[in-house]
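Single-letter residue listing:
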Amino acid sequence: MNKQVWRLRFAAAESAAFIAKNCSIEIVDSKIVPIYVCLLGDSEAEVRSEAASKLVELINYCSGSLILAKILPSLKTQLVTESS
């Protein structure tokens, strides 16, 4: 696998909130949040860090129930297992 692919994932984390701002809540909930949850658990610390830094912006564009059901459990798991 290309070792630079993490930069693409970083760019996705960096841009997710901007993209979400321009989409319907249904699209954000069904398409963007599942990808974002993966970015929060990415193997590269830089990607995880960028995703976490943009989280406050992203949650403005998704449903509250999804935050509780998908995003918070992912964060809890990451905090428990984070080594960097």
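Whatever comes next refers back to the structure up there.
Reference entry: report on the structure contained in this document.

What counts and how
- Residues numbered from 1 in each chain as written.
- Predicted model: local features only at pLDDT ≥ 70, side-chain atom pairs only at ≥ 80, totals over all residues.
- Heavy atoms only, no water.
- Salt bridge = Lys/Arg side-chain N within 4 Å of Asp/Glu carboxyl O.
- Helix = DSSP H or I, 4+ residues; strand = E, 2+ residues; numbered from the N terminus.
- Buried < 20%, exposed > 50% of the residue type's maximum accessible area, 1.4 Å probe, protein only.
- Bend = angle between axes of the 7 residues up to and from the residue.

**Regarding the pattern of salt bridges**
Two side chains bearing opposite charge may form a pair once their charged atoms approach each other closely.
In step 1: Evaluated as defined, the whole model comprises one salt bridge.
In step 2: Notably, a salt bridge pairs Asp-42 with Arg-9, separated by 2.5 Å at the nearest N-O pair. Taken together, the positions of Asp-42 in the loop between helix H2 (25-40) and helix H3 (45-53) and Arg-9 in helix H1 (residues 5-21) put the pair 33 residues apart, joining distant regions of the chain.
In step 3: Residue class for Arg-9 comes out partly exposed when judged on its relative accessible area of 22%.

**A closer look at H2**
In step 1: Along H2, the sharpest kink reaches roughly 40 degrees, centred on Ile-32 and followed within four residues by the proline Pro-34.
In step 2: The set of residues buried in H2 consists of Val-28, Asp-29, Ile-32, Val-33, Tyr-36, Leu-39 and Leu-40.

All quantities given are derived from atomic positions and should not be read as evidence of function.
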